[in-house]
Amino acid sequence: MIGLISATSAGATARNRLAAAWPDRTRVYEGPVGDAVRAAFAECEQLVCFLATGAVVRLIAPLLGDKRTDPGVVCVDEGGRYAVSLVGGHGGGANELAVEVGELLAAQPVVTTATDAVGVPGLDTLGFPVEGDVAGVTRALLDGEPVALDAELAWPLPPLKVSSHGAYVIRVTDRAVEPGEREVVLRPPSLVVGVGTSRGAPVDEVLGLIESAVRDAGLSLASLARLATVDAKSDEPGIVEAAERLGVPLVTYSAEELAAVDVPNPSDAPLAAVGTPSVAEAAALVGGGELLVPKRKSERADGQPAMATCAVVRRVARGRLAVVGLGPGARDLLTPRAKAELRRAAVLVGLDQYVDQIRDLLRPGTVVLESGLGAEEERARTAVAEARKGQAVALIGSGDAGVYAMASPALAEASDDIDVVGVPGVTAALAASAILGAPLGHDHVSISLSDLHTPWEVIERRVRAAAEADIVVTFYNPRSRGRDWQLPKALAILAEHREPTTPVGVVRNASRPDESSRLTTLAALDPAWVDMMTVVTVGNTATRDIAGRMVTPRGYRWQASQTSQEGAQ
């Protein structure tokens, strides 16, 4: 919950805007400001104070305890110009909250945390439990001192300026080791515990078994990713509550899925009870991994038979490939999700001219693998290969990466041994449509006129089908110096089914500084206006030029109405 505190009418106005936008996330604290701040500090995870920073500093100073548990505090000035992350930038989430508040109130977020200021990932913001000398190692990263990465597990990490040797160490492990001097230990979520129980097994017995199995194997509970069991036990109270206490999700599998997993210790008892010869081992091994603790039974102080079993598996570290669409070129059409993925990637793969567009968004230490035109398949193979090494990789493309871009060749190369995330982007067709008006208001299709990868006979058949079906057509790759006849041929096919006055929109470099556009007709279009940086949109029989804008109505009733009006004239 976010506590909202204000002292003036102007502050209350901004406060109420947040409360209205986030009704489920916020609570307004009325009354004397000092009392309100103290109450919110005790009851909320975060605070937004519409007060001067000096006043807030004096109010919260006696309340501060531990930065790992104190709430994050953001201050917004009286004029609503700035949202200042004051306390708990990382641990309390104040840095992210300042950005959110800034977006909602049109205020400038102010973040002074050193790592955020210079683009270095905070070691306590990587999403992993972290132990050891966080401040010292972070300071070494900021000062450019050599920091060694000791990765016992290959896990996809964001870019970190590390080396093979150094006085400071970042250690990635799931083992129960104590951090050394000048060392930070990151705990990746590498462990899966499979659990099987008799009906009514007490949660303390289940939890005690899991904790002892992990501890005796020399592993850390901080690296526990999930509990796993059979579907029939999905609502077993002892298992459900154990997952809740451990703070991990509970995943379940059907008996058929578990029966198909090869395990070292099958048993007739679970086969008779739930239809699979193994629950604990099989559930832990779904998806592969190394069995670190074979099936193990709980021990009861009363001497009664065990009611729980568990097994521990170290799952295979999976690399991560984000296929990112950069949009049509304008920075403000690059989505926040795309920006986040660019900053998360330790390796960036892309066409050199696209890399230049976003190079300033990359974090220090990002490895950039760029190449020129015509190397799409090579870039796809490179990105997948880097992900298979356990890296966090971003493969970039213009527009939407899934539309005539890099997603197709990348996914054709990728198998199920890596995680793939698609990040949508604004396509050239959509950017051009917004400039022209609303040409895509009804059914529409995009067709590439490049016959480098597709035979012209196939392209022509598609153009003819779109023409006969009266569908708005957007042509990608319409014309180049070596391909100057395809566009006139495609337009001639459309002209067989559409009037010469059919509106046609021509947009070059949509959303970029040298953007240009024109609205013409099917008969008047000069192919010389068009090159590879151009998108050509041809309307259907309902598309009209209205006040210089290209408009395709959502239905054909409008067309019938227009026709009748013209006939009456």
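Quick caveat, the model's predicted, so the values are computed rather than measured. (Residues numbered from 1 in each chain as written. Predicted model: local features only at pLDDT ≥ 70, side-chain atom pairs only at ≥ 80, totals over all residues. Heavy atoms only, no water.)

A.B. asks: How should I be thinking about the packing of aromatic side chains in this particular structure?
C.D. replies: The relation between two aromatic rings is expressed through the spacing of the ring centres and the mutual angle of the planes. Overall, the coordinates contain two aromatic pairs when judged by the stated rule. Arranged with centres 4.7 Å apart and planes meeting at 50°, the rings of Tyr404 and Tyr476 form a pair that is tilted. Of this pair, Tyr404 sits in the loop between strand S19 (392-397) and helix H15 (407-413) while Tyr476 sits in strand S23 (residues 472-476); the two residues are 72 residues apart in sequence, bridging distant segments of the chain. Taking the ring centre of Trp22 as reference, the NZ or CZ of Arg25 above it sits at 4.4 Å. Above the plane of the ring of Trp529 lies Arg518, whose end atom (NZ or CZ) is 3.9 Å from the centre. (Phe/Tyr/Trp six-rings, centres within 6.5 Å; stacked < 30°, edge-to-face > 60°. Helix = DSSP H or I, 4+ residues; strand = E, 2+ residues; numbered from the N terminus. Lys NZ or Arg CZ within 6 Å of the ring centre and 35° of its normal.)

A.B. asks: Mind showing me how you'd approach the nonpolar core here?
C.D. replies: Where a protein is soluble and globular, its nonpolar side chains tend to be buried together. Grouped together as the largest cluster of nonpolar side chains are 23 residues, with contacts concentrated most on Val193, Val195, Val206, Ile210, Leu227 and Val312. Taken together, the elements giving at least two residues each to this core come down to strand S11 (191-197), helix H7 (203-216), strand S12 (224-230), helix H8 (237-246) and strand S15 (308-314). Here the element with the most residues in this core is H7; it accounts for seven residues. Discounting residues that sit within four places of it in the chain, Ile210 has contacts with Val193, Val195, Leu221, Leu227, Leu246 and Cys310. (Core = buried A, V, L, I, M, F, W, Y, C linked by side-chain atoms within 4.5 Å. Buried < 20%, exposed > 50% of the residue type's maximum accessible area, 1.4 Å probe, protein only. Contact = heavy atoms within 4.5 Å.)

A.B. asks: Can you help me understand the sheet that holds strand S21 (residues 437-438) in this one?
C.D. replies: Across the sheet, three strands lie side by side as S21-S28-S27; this open sheet has mixed pairing. The sheet is open, and its two borders are formed by S21 and strand S27 (544-546), each paired with just one other strand. Two strands pair when backbone bridges link them, and S21 and strand S28 (residues 549-551) are joined in this way by two bridges, in the parallel orientation. Each residue of the ladder has a partner; that of Ala438, found in S28, is Val551. (Pairing = 2+ DSSP bridges.)

A.B. asks: Explain the sheet that holds S15 to me, please; I cannot follow it from the model alone.
C.D. replies: With respect to topology, five strands assemble into an open sheet ordered S13-S12-S11-S15-S14, the strand pairing being mixed. At either margin of the open sheet sits one strand with a lone partner, and together these are strand S13 (250-253) and strand S14 (290-297). Recorded for the sheet is a direction-independent mean angle of 20° between the axes of neighbouring strands. Across four bridges, the pairing between S11 and S12 is parallel. Bridging from a neighbouring strand, Val193 pairs with Leu227 of S12. Packing against the sheet, H7 makes contact with S11, S12, S14 and S15, and its axis sits at approximately 35° to S15. This element, H8, spans S11, S12 and S13 of the sheet and lies at about 175° to S12. (Axes fitted to C-alpha atoms, helices over the stretch in contact; angles between N-to-C directions.)

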